[in-house]
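# Observations on the three-dimensional arrangement
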Amino acid sequence: MSWLNQMPSRIRIAGLVVTVVVLCAVIGMLAFASLSVTIGFIVGAGMTPPVHRWILQRRSPVASS
């Protein structure tokens, strides 16, 4: 960290800005991914009962041998 203090202040500020932008991008991607997963679980939970009923109605009798 001592090498960072030896840098000119413009470079330190630019490095800080770049670091903040990268961290915000990573946090934003994680939040978007978790939101997508949450929405996927909600949609899946809503679709499961009707799809399960449809599968049970379409079950054909097993052919005996």
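Residues numbered from 1 in each chain as written. Predicted model: local features only at pLDDT ≥ 70, side-chain atom pairs only at ≥ 80, totals over all residues. Heavy atoms only, no water.

The number of helices and strands found in the chain is two helices and zero strands. Across the 65 residues that make up the chain, the buried fraction comes to 0%. (Helix = DSSP H or I, 4+ residues; strand = E, 2+ residues; numbered from the N terminus. Buried < 20%, exposed > 50% of the residue type's maximum accessible area, 1.4 Å probe, protein only.)

On the surface, a cluster of nonpolar side chains totalling about 800 Å² of accessible area is made up of Phe-32, Leu-35, Ile-39, Val-43, Met-47, Val-51, Trp-54 and Ile-55. With respect to the helices and strands, Trp-54 occurs in helix H2 (residues 9-58). (Patch = residues over 30% accessible without salt bridge, like charges linked within 9 Å, V, L, I, M, F, W, Y side chains within 5 Å. Areas by Shrake-Rupley, 256 points an atom, 1.4 Å probe, with all protein chains shown as cover. Salt bridge = Lys/Arg side-chain N within 4 Å of Asp/Glu carboxyl O.)

Right, let's talk about H2 for a bit. Three- or four-residue spacings in an α-helix give side chains the same orientation, since the helix completes a turn every 3.6 residues. The end-to-end C-alpha distance of H2 is 71 Å, a good match for the 74 Å that 50 residues give at a rise of 1.5 Å each. For H2, the principal kink sits at Thr-48 and spans about 35°; a proline, Pro-49, occurs within the next four residues. (Expected span 1.5 Å × (residues − 1). Bend = angle between axes of the 7 residues up to and from the residue.)

Without other data, these values stay purely geometric and don't point to any function.
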